[in-house]
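Fold and contact review
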Amino acid sequence: MKRVLEKLDIPPGKSHKQAVPLVQPQANAPNATTVFVLLFLLYMFDYVDRLVVTSLFPFLKSDLGINDAQAGLLVSAVYWSIVALTFPVSVLIDRWSRKKSIGLMVGLWSLATGAAALTRTFPQLLITRLGVGAGEAGYSPGGTAMISALYPVEKRSRMLGLWNASIPLGSAIGVAVGGIVATRWGWHRAFGLVAAPGLVVGILFYFLARDYKTVKLEVPAWGRAAVRRMRAAEMLQEFLRKPSLLLTYLGFVGNAFLSSAYLTWLPSYFNRTSGIPMAQAGLKSSVVLLFSIVGAPLGGLLVDRWRRNRGDARPLFAGLASIAAAIVWLTAFGFLQGTSQYVVFMLGAVLSALYISGAAAATQDAVHPGLWAVSWSICVIVQNLLGSSLGPLVVGAISDTYGLRTAMMLVPVASVIAGVFFLAASRFYERDLMHTRKVQIALEKA
């Protein structure tokens, strides 16, 4: 009987009528590598288009006459659009098509980025940035759901970690390319240059990717019917009765605040404290951001290994990594300067990315697969509304009053708060897994 329950993925002590058989791929699904590479490239260009504006701040301030708070608003506006649209788009993704939804989203954000090259005023530029956010609203929920379906549970953190390595890579490219192109040819051309590649990859994804079949929202039923449709109240309970999910969402807030603040203002920090040109400051920042590429995959590898011996490893590791990152960043901004500070910045970049693999997997582990994209969209809403959108704006406002160095030194407090939430989530994680139903995942025909 025990072996039967294990095949059904039912925790000991639970009735066999409380779960649906788990039929996940035991090896990578066919076409998984192709889909993963395309998803990686799209996420990279997502952040190229999102962050290119940060290295354009000095040019925009000179040309459009904006201040630091308005410059931060150009980044925050993207996150506000994402917050407004990611939930309805994620419902479309879960219930319609991951492939088609992602294709439409990529086209929208690429065209909005290209439109920024035609703007002449701050309000016009702000509108295009809202358009970028509207396009990006559905990408990460759709991509997270596809990766969760294409790879087995025991590899989920590793693959999500590798996928999230595209974020610092895209951010670094956007910051570096923006500064170089704007210095030589102007900020308008910087927007135009970065818009095209994502659109091309989006078209390739639409024709080459193999999606998984839309998962029916069903639960076991008594009597003759084997299953019945999940009620709206039961969908809501998938989240409200899972403390580990809610606390994990909140944990993302502090780290998102830190990441967006540093992604936005690090080029300006080097420009002001070292007196170097913005193109050089952008390249210097890009090197720091590139070290984050190590953190996400390394975190996924470490946490999946730890998970073999400890069931709550994913949220627990995220909490410890967040607190460690905060200590390193605070040390760098509060006590160091010059070369030593720069080296510690690189370490901080690695540590700041360690958490995301396990934390992202946790948002998928404890929820019905038919709600994977919705779960990630809730996480996106919470972290962007309370974290990513506020980071650039708050740092800009503090910088206007107390200086940029002081503003950057205060940011790590947010990462400490994130760590506390993740540690709290680890206390409920295994219990919530026991109450999560599993369903069959099937790929669409080639």
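**Regarding the pattern of salt bridges**
Evaluation of the coordinates by the stated rule reveals 10 salt bridges. Residue lysine 61 pairs with aspartate 68 through a salt bridge whose shortest N-O separation is 2.7 Å. Exposure remark for lysine 61: the relative accessible area of 29% places this residue in the partly exposed category. Note that aspartate 312 and arginine 310 form a salt bridge whose closest N and O atoms lie 2.6 Å from each other. By relative accessible area, aspartate 312 is classed as buried at 8%.

**Let's talk about the packing of aromatic side chains**
Applying the stated criterion to the full structure yields 23 aromatic pairs. Ring geometry for tyrosine 43 versus tryptophan 163: centroids 4.2 Å apart, planes at 20 degrees, classification stacked. Here tryptophan 163 lies in helix 8 (residues 156-164) and tyrosine 43 lies in helix 2 (residues 32-51), a separation of 120 residues in the sequence. A single burial state applies to tyrosine 43 and to tryptophan 163, both of which are buried. For the pair tryptophan 187 and phenylalanine 191, a centre-to-centre distance of 6.1 Å together with 90 degrees between the ring planes defines the contact as edge-to-face. Taken as a pair, tryptophan 187 and phenylalanine 191 lie in helix 10 (residues 187-208) at a separation of four residues, close to a single helical turn. Judged by relative accessible area, tryptophan 187 falls into the buried class, the value being 5%. Joined through ring pairs, the aromatic side chains of Tyr262, Tyr269, Phe270, Trp329, Phe333, Tyr342 and Phe345 make up one cluster. A cation sits over an aromatic face here: arginine 50 above tyrosine 47, 4.2 Å from the ring centre.

**Quick notes on the environment of phenylalanine 335**
In this structure, phenylalanine 335 sits in helix 15 (residues 313-335). On the accessibility criterion, phenylalanine 335 (68% relative accessible area) is exposed. As a C-alpha pair, phenylalanine 335 and methionine 409 span 74 residues in sequence and 9.7 Å in three-dimensional space.

**A short note on the packing of helix 3 (residues 57-64) against helix 4 (residues 68-95)**
At a closest axis distance of 10 Å, the pairing of helix 3 and helix 4 adopts a crossing angle of 120 degrees. The angle between helix 3 and helix 4 places the two elements in the oblique class. With respect to the hand of their crossing, helix 3 and helix 4 are arranged in right-handed fashion. Of helix 4, the residues touching helix 3 (which contributes Phe57, Leu60 and Lys61) are Asp68, Ala71, Gly72, Leu74 and Val75. In the contact of helix 3 with helix 4, the residues fall into five nonpolar, one polar and two charged.

**Brief notes about helix 13 (residues 278-290)**
Its 13 residues place the ends of helix 13 18 Å apart at the C-alpha level, agreeing with the 18 Å of an ideal helix rising 1.5 Å per residue. By the burial criterion, the buried members of helix 13 are Met278, Ala279, Ala281, Gly282, Ser285, Ser286, Val288 and Leu289. Buried residues along helix 13 sit against helix 3, helix 9 (166-185), helix 12 (243-274), helix 14 (292-307), helix 15 and helix 16 (338-365).

**Digging into empty space enclosed by the protein**
Counted according to the given criterion, the structure contains one cavity of 30 Å³ or more. Here the largest cavity defines a volume of roughly 610 Å³. Lining the largest cavity are 36 residues, and of these Tyr47, Ile167, Ser259, Leu263 and Ile356 lie nearest its centre. Among the residues making up the lining of the largest cavity, the classes are represented as 23 nonpolar, 10 polar and three charged.

**Things to note about the confidence of the model for the chain**
Chain-level pLDDT for the chain is 83 on average; 88% of the residues reach the 70-or-more range. Mean pLDDT values for the elements of the chain range from 33 in helix 1 (residues 2-7) up to 97 in helix 20 (residues 412-426). pLDDT under 50 marks residues 1-27. Its contacts with residues more than four places away, or in other chains, come to 46 contacts.

**Let's talk about the packing of helix 2 against helix 5 (residues 98-116)**
Relative orientation and spacing of two packed helices are given, respectively, by the angle between their axes and the distance between those axes. Where helix 2 contacts helix 5, the axes come no closer than 11 Å and their chain directions differ by 30 degrees. Taken as axis vectors, helix 2 and helix 5 run roughly parallel relative to one another. Considering only the axes of helix 2 and helix 5, their crossing is left-handed. Judged by residue contacts, Leu39, Leu42, Phe45, Asp46 and Asp49 of helix 2 engage Ile102, Val106, Trp109, Ser110 and Thr113 from helix 5.

Reading the values: rules and limits
Residues numbered from 1 in each chain as written. Predicted model: local features only at pLDDT ≥ 70, side-chain atom pairs only at ≥ 80, totals over all residues. Heavy atoms only, no water. Salt bridge = Lys/Arg side-chain N within 4 Å of Asp/Glu carboxyl O. Buried < 20%, exposed > 50% of the residue type's maximum accessible area, 1.4 Å probe, protein only. Phe/Tyr/Trp six-rings, centres within 6.5 Å; stacked < 30°, edge-to-face > 60°. Helix = DSSP H or I, 4+ residues; strand = E, 2+ residues; numbered from the N terminus. Lys NZ or Arg CZ within 6 Å of the ring centre and 35° of its normal. Axes fitted to C-alpha atoms, helices over the stretch in contact; angles between N-to-C directions. Parallel < 35°, antiparallel > 145°, perpendicular 65-115°, else oblique. Left-handed = near helix turned anticlockwise from the far one by under 90°. Contact = heavy atoms within 4.5 Å. Nonpolar A, V, L, I, M, F, W, Y, C, P; charged D, E, K, R; others polar. Expected span 1.5 Å × (residues − 1). 1 Å grid on protein atoms, 1.4 Å probe; cavity = no way out; pocket = protein on both sides within 12 Å on 5 of 7 lines; lining within 4 Å. Points joined across faces, edges and corners; volume = space filled by probe spheres on them. pLDDT = per-residue confidence, 0-100.

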